[in-house]
Amino acid sequence: LVFMLLWATLIYDPLAHWVWGVKGWMREMGALDFAGGTVVHISSGISALVAALMYGKRVGYGKEHMAPHNLPFSVIGAGLLWVGWFGFNAGSALAADGWATSASVATHVATPAAALAWMFAEWRARGKPTVLGAASGAVAGLVAITPGAGFVGPMSAILIGIGGGVFCFTACNLKSKFGYDDSLDASGIHGVGGTWGAIATGLWANPAVNSLGKGVFYGKADQFMIQLKTVLGTAAYSVIA
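Only a predicted model underlies this, so the values are computations on that prediction, with no experimental measurement involved.

(A) Examining the packing of helix α6 (residues 131-145) against helix α9 (residues 186-204) more closely. The interhelical angle for the contact between α6 and α9, taken along N-to-C directions, is 45°, at an axis separation of 7 Å. By the angle class used here, α6 and α9 are oblique. Crossing handedness for the pair α6 and α9: right-handed. For the pair α6 and α9, contact is made by Ser136, Val139, Ala140, Val143 and Ala144 and by Ile189, His190, Gly193, Gly194, Trp196 and Gly197, respectively. Taken together, the residues that form the contact of α6 with α9 break down as 6 nonpolar, 5 polar and no charged.

Below you can see the structure in the form of structure tokens.
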């Protein structure tokens, strides 16, 4: 409880102000983050990795079978996330309007694209796709589209979802190589997915969707560097704090 209070106060709150608050330095720089790719996902994913490294491994990790013990509950949980995600992605429009509708559509199409991408990546790497992989891929897609939900069109959202599925699957497999124990893949899904989503927003932000955002492919060449600085600043602050 103390940790949650401190993390929210010392990491989440400053980042929320920097990205969304008046005179926040990332906002002044022109950073695009519709619903929290940097504020929520990169910060939590990086913090989770640091915490996992500091705490060390669970007793028996690597020796005992620790796969999820209830697959139906895992799938139900992923489905609840999928539904709930509309609340803050579309809700970040702060109104029931066309902007919210666009964010809902982007969220909804990115998610199955990521689930399929994860399944195909898993199929190629391990010989067969899994239901848990599909659920994990769906969450990866939800994470990846979060920063760009209100800035990109449906086709761009699908591409962002595909990238989220592949990149997050790859990242989640790194823990077996490096030996850290991130039990719920917070760093692999939220950290990497949020990073990809933030950078991809800088590529595909479409002023026809949202006049406040314009990406590299729509004529603003420096938006990529702005997004990259935002990602690196968020990650560095999360590690230190």
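(B) Summary view of a nonpolar patch on the surface. Residues Leu71, Val75, Val131 and Leu132 make up a contiguous nonpolar surface patch of roughly 280 Å² in combined accessible area. At the level of elements, α4 (71-89) and α6 are the ones that each hand at least two residues to the nonpolar patch.

(C) Quick peek at the nonpolar core. Ranked by internal contacts, the top residues of the largest apolar core, which has 21 residues, are Phe34, Ile145, Val152, Ile160 and Trp204. Contact partners of Trp204, with chain neighbours within four places excluded, come to Phe151, Val152, Ser156, Leu159, Ile160, Trp196, Phe217 and Tyr218. Judged by nonpolar contacts, the second largest core, of 13 residues, contains Ala78, Trp118, Ala140 and Ile189.

How each quantity is defined
Residues numbered from 1 in each chain as written. Predicted model: local features only at pLDDT ≥ 70, side-chain atom pairs only at ≥ 80, totals over all residues. Heavy atoms only, no water. Axes fitted to C-alpha atoms, helices over the stretch in contact; angles between N-to-C directions. Helix = DSSP H or I, 4+ residues; strand = E, 2+ residues; numbered from the N terminus. Parallel < 35°, antiparallel > 145°, perpendicular 65-115°, else oblique. Left-handed = near helix turned anticlockwise from the far one by under 90°. Contact = heavy atoms within 4.5 Å. Nonpolar A, V, L, I, M, F, W, Y, C, P; charged D, E, K, R; others polar. Patch = residues over 30% accessible without salt bridge, like charges linked within 9 Å, V, L, I, M, F, W, Y side chains within 5 Å. Areas by Shrake-Rupley, 256 points an atom, 1.4 Å probe, with all protein chains shown as cover. Salt bridge = Lys/Arg side-chain N within 4 Å of Asp/Glu carboxyl O. Core = buried A, V, L, I, M, F, W, Y, C linked by side-chain atoms within 4.5 Å. Buried < 20%, exposed > 50% of the residue type's maximum accessible area, 1.4 Å probe, protein only.

Purely spatial values, then, with no claim about function.
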